[in-house]
Amino acid sequence: MYSSPTTSSKSFRIGIICGSQRKPRVGDQITDFVYEILKLHSSSIRNTITLEFDYIDIGALSLPFYDEPGIPSKITSAEGYTHEHTRVWSRRVAALDAFVFVTPQYNWGVPGGLKNAIDLLYNEWKGKPAIIVSYGGHGGGKAAASLKLCLAGGIDMQIGDRMVVNLSFPNREVLYKAAKGEQLGLSATKDGGIWSSERKRISSACDEMVGMLMAQGAAKVALHASQKFNRIRLAFQK
């Protein structure tokens, strides 16, 4: 069965997912912006917790559209998939504890490539915390809502109230630059730039995600302790 890496060491692996495949694009710039904020913020989290990041570019994965004969929710190991590209993707996702999805908004929805990458798997995602960062002329709120419905409703991923962040392009000039894939000058450290005021919201989302991971770890420890106690109790009753 799939299982998350142990939380006893309080070390967690986070997948940072760039959901845009369009060329030209600014999705990679925006994902880099979010990534740098999270890396900087992770260094300020108490020293008993370590966050490691896996940067995943959906555009670089070259995953075909769903071509597995099996139903993902019924597959419980990478070996259960038919195609090697799905097995590789399965192992990569299964090794991670939580995810940050950075997505544009296309016609009120998420890019097809991102949705396909999610739908190829199921148990590898199930129950894990997820942050959603959407962007667009009005912040990509419809795409974020659509993605949250898919992840939290369809796959039972954990998405708290602070774990959805919508980034709106501040004006038409920036929007036109984004449409052409030009540099936006995003900075995770400098004040006064595009979305510099949103850094706290992204950091707050990270804090809520870490809190969920810690709670999940504590629940697993309690469950294991209860199971061990029950085994001992049954042994003495024999």
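Below is a summary of the structure that appears in this document. (Residues numbered from 1 in each chain as written. Predicted model: local features only at pLDDT ≥ 70, side-chain atom pairs only at ≥ 80, totals over all residues. Heavy atoms only, no water.)

Focus on the nonpolar core
For step 1, the next point in the chain: Counting residues in hydrophobic clusters, the biggest one holds 65 residues, and the most contacted among them are Ile14, Phe101, Trp125 and Leu151.
For step 2, the next point in the chain: Counting residues per element, this core draws most heavily on helix α7 (residues 199–237), at seven residues.
For step 3, the next point in the chain: Not counting residues up to four positions away in its chain, the partners in contact with Phe101 are Ile17, Leu114, Ile118, Trp125, Ala130, Ile131, Ile132, Val133, Leu147, Leu151 and Met157. (Core = buried A, V, L, I, M, F, W, Y, C linked by side-chain atoms within 4.5 Å. Buried < 20%, exposed > 50% of the residue type's maximum accessible area, 1.4 Å probe, protein only. Helix = DSSP H or I, 4+ residues; strand = E, 2+ residues; numbered from the N terminus. Contact = heavy atoms within 4.5 Å.)

So, unusual backbone geometry
For step 1, the next point in the chain: Pro24 follows Lys23 through a cis peptide bond whose omega is 0°.
For step 2, the next point in the chain: Look at Asp156: it is not a glycine, yet its phi comes out positive at around 65°.
For step 3, the next point in the chain: Mapping Asp156 onto the fold places it in the loop between α5 (141–154) and β5 (164–168).

Here we look at the pattern of salt bridges
For step 1, the next point in the chain: This model, assessed by the stated rule, comprises 14 salt bridges.
For step 2, the next point in the chain: With a closest N to O distance of 3.9 Å, Arg13 and Glu52 form a salt bridge. One end of the pair, Arg13, is in strand β1 (residues 11–18); the other, Glu52, is in strand β2 (residues 50–57), and 39 residues separate them in sequence.
For step 3, the next point in the chain: The class for Glu52 is partly exposed, based on a relative accessible area of 39%.
For step 4, the next point in the chain: One salt bridge connects Arg162 with Glu208, and the closest N-O pair in it is separated by 3.4 Å. Residue Arg162 is located in the loop between α5 and β5, and its partner Glu208 is located in helix α7; the two are separated by 46 residues in the primary sequence.
For step 5, the next point in the chain: Each of Glu79, Glu84, Arg87 and Arg91 takes part in one network of salt bridges that share partners. (Salt bridge = Lys/Arg side-chain N within 4 Å of Asp/Glu carboxyl O.)

Here's the deal with the pairing of strand β4 (residues 130–136)
For step 1, the next point in the chain: Burial within β4 is extensive, with seven of its seven residues counted as buried.
For step 2, the next point in the chain: Side chains of β4 alternate between two faces, with Ala130, Ile132, Ser134 and Gly136 and Ile131, Val133 and Tyr135 buried alike.
For step 3, the next point in the chain: Where strand β3 (residues 98–104) meets β4, six bridges bridge the pair, whose relative direction is parallel. Looking at β4, one finds that Phe99 is bridged to Ala130.
For step 4, the next point in the chain: The pairing of β4 with β5 spans five bridges and is parallel. (Pairing = 2+ DSSP bridges.)

Examining the environment of Ile71
For step 1, the next point in the chain: Its location among the elements puts Ile71 in the loop between α2 (58–61) and α3 (84–94).
For step 2, the next point in the chain: Along the backbone, Ile71 and Asp119 are 48 residues apart, and their C-alpha atoms lie at a distance of 9.9 Å.

Here's the deal with the sheet that holds β5
For step 1, the next point in the chain: An order of β2-β1-β3-β4-β5 is seen for the five strands of this open sheet, with the pairing classed as parallel. Looking at the sheet topology across the chains shown, the edges are occupied by β2 and β5. Neighbour to neighbour, the strand axes of the sheet diverge by 15° on average, direction disregarded.
For step 2, the next point in the chain: Bridge count for β1 against β3 is five bridges, and the pairing is parallel. Note on β3: the bridge partner recorded for Ile16 is Val100.
For step 3, the next point in the chain: Lying over the sheet, helix α1 (residues 27–42) contacts β1, β2, β3, β4 and β5, oriented at roughly 175° with respect to β2. (Axes fitted to C-alpha atoms, helices over the stretch in contact; angles between N-to-C directions.)

So yeah, pure geometry; function would need other evidence.
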